[in-house]
Amino acid sequence: QVRLVESGGGLVQAGGSLRLSCAASGHIFSIGAMGWYREAPGNERELVATVARGISTTHYADSVKGRFTISRDIAKNTVSLQMNKLKPEDTGVYYCQAALRGVDYWGKGTLVTVSS
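Cut-offs and rules
- Residues numbered from 1 in each chain as written.
- Predicted model: local features only at pLDDT ≥ 70, side-chain atom pairs only at ≥ 80, totals over all residues.
- Heavy atoms only, no water.
- Helix = DSSP H or I, 4+ residues; strand = E, 2+ residues; numbered from the N terminus.
- Rg over C-alpha atoms; globule rule 2.2 N^0.38 Å.
- Buried < 20%, exposed > 50% of the residue type's maximum accessible area, 1.4 Å probe, protein only.
- Contact = heavy atoms within 4.5 Å.
- Areas by Shrake-Rupley, 256 points an atom, 1.4 Å probe, with all protein chains shown as cover.
- Lys, Arg positive; Asp, Glu negative; His and termini not counted.
- Charge placed at Lys NZ, Arg CZ, Asp CG, Glu CD.
- Core = buried A, V, L, I, M, F, W, Y, C linked by side-chain atoms within 4.5 Å.

All right, on to the overall build of the chain then. Counting its secondary structure elements, the chain contains zero helices and eleven strands. Against the globule reference of 13 Å for 116 residues, the chain gives a C-alpha radius of gyration of 13 Å, in line with a compact fold. Principal-axis analysis of the C-alpha atoms gives the chain an extent of 40 × 25 × 20 Å. Here the chain holds 116 residues, and 40% of them are scored as buried. Of the contacts formed within the chain by residues at least 6 apart in sequence, a portion of 54% connects residues at least 24 apart. Surface summary for the chain: the accessible area is close to 6300 Å², and the carbon and sulfur share equals 51%. Charge separation in the chain, taken as the distance between the mean sites of 13 positive and 9 negative side-chain charges, equals 8 Å.

In structure tokens, the structure reads:
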């Protein structure tokens, strides 16, 4: 079992920045890839960015490339998402995700609202 707790959401104006953090606890030594997903109102949950465990290979949705950066600190059991040049369409609930032996674990989410 893995427990994930997100923090760092809030209200920001378009063009601004926010940094999301996710702290993992539980069977952390077996966690594989970690990532961030988001749900905009009326939309399905979508991938934002992921980072592998080993060589920290990253993957980004096209909509956030060049603006968001995912990073992982294995020693501290955290994964972060630095979000720059935010747009109103980035608004949504952001969820931290961790893969453990083929099972996905999710945090409860943190709300990001970008005003125009």
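With respect to the helices, strands and loops of the structure, Val 51 is situated in strand S5 (residues 46-51). Residue classification places Val 51 among the buried residues on the basis of a relative accessible area of 2%. When the C-alpha positions of Val 51 and Val 79 are compared, they lie 8.6 Å apart, and in sequence the two are 28 residues distant. Setting aside chain neighbours within four positions, we find Val 51 in contact with Ala 33, Met 34, Ser 56, Thr 57, Thr 58, Ile 70, Arg 72 and Val 79.

Another aspect to go through is unusual backbone geometry. One non-glycine residue, Asn 77, lies in positive phi territory at about 60 degrees. Here Asn 77 is to be found in the loop between strand S7 (68-73) and strand S8 (78-83). Under the relative-accessibility criterion, Asn 77 is labelled partly exposed at 22%.

Burial of nonpolar side chains together is a common tendency in soluble globular proteins. Membership of the largest hydrophobic core comes to 30 residues, with the highest contact counts inside it found for Leu 4, Trp 36, Leu 81, Met 83 and Tyr 94. For this core, the secondary structure elements donating two or more residues are strand S1 (2-7), strand S3 (18-26), strand S4 (31-39), S5, S7, S8, strand S9 (92-100) and strand S11 (110-115). Apart from the residues within four sequence positions on either side, Met 83 is in contact with Gly 16, Ser 17, Leu 18, Leu 20, Arg 67, Phe 68, Tyr 94 and Val 112.

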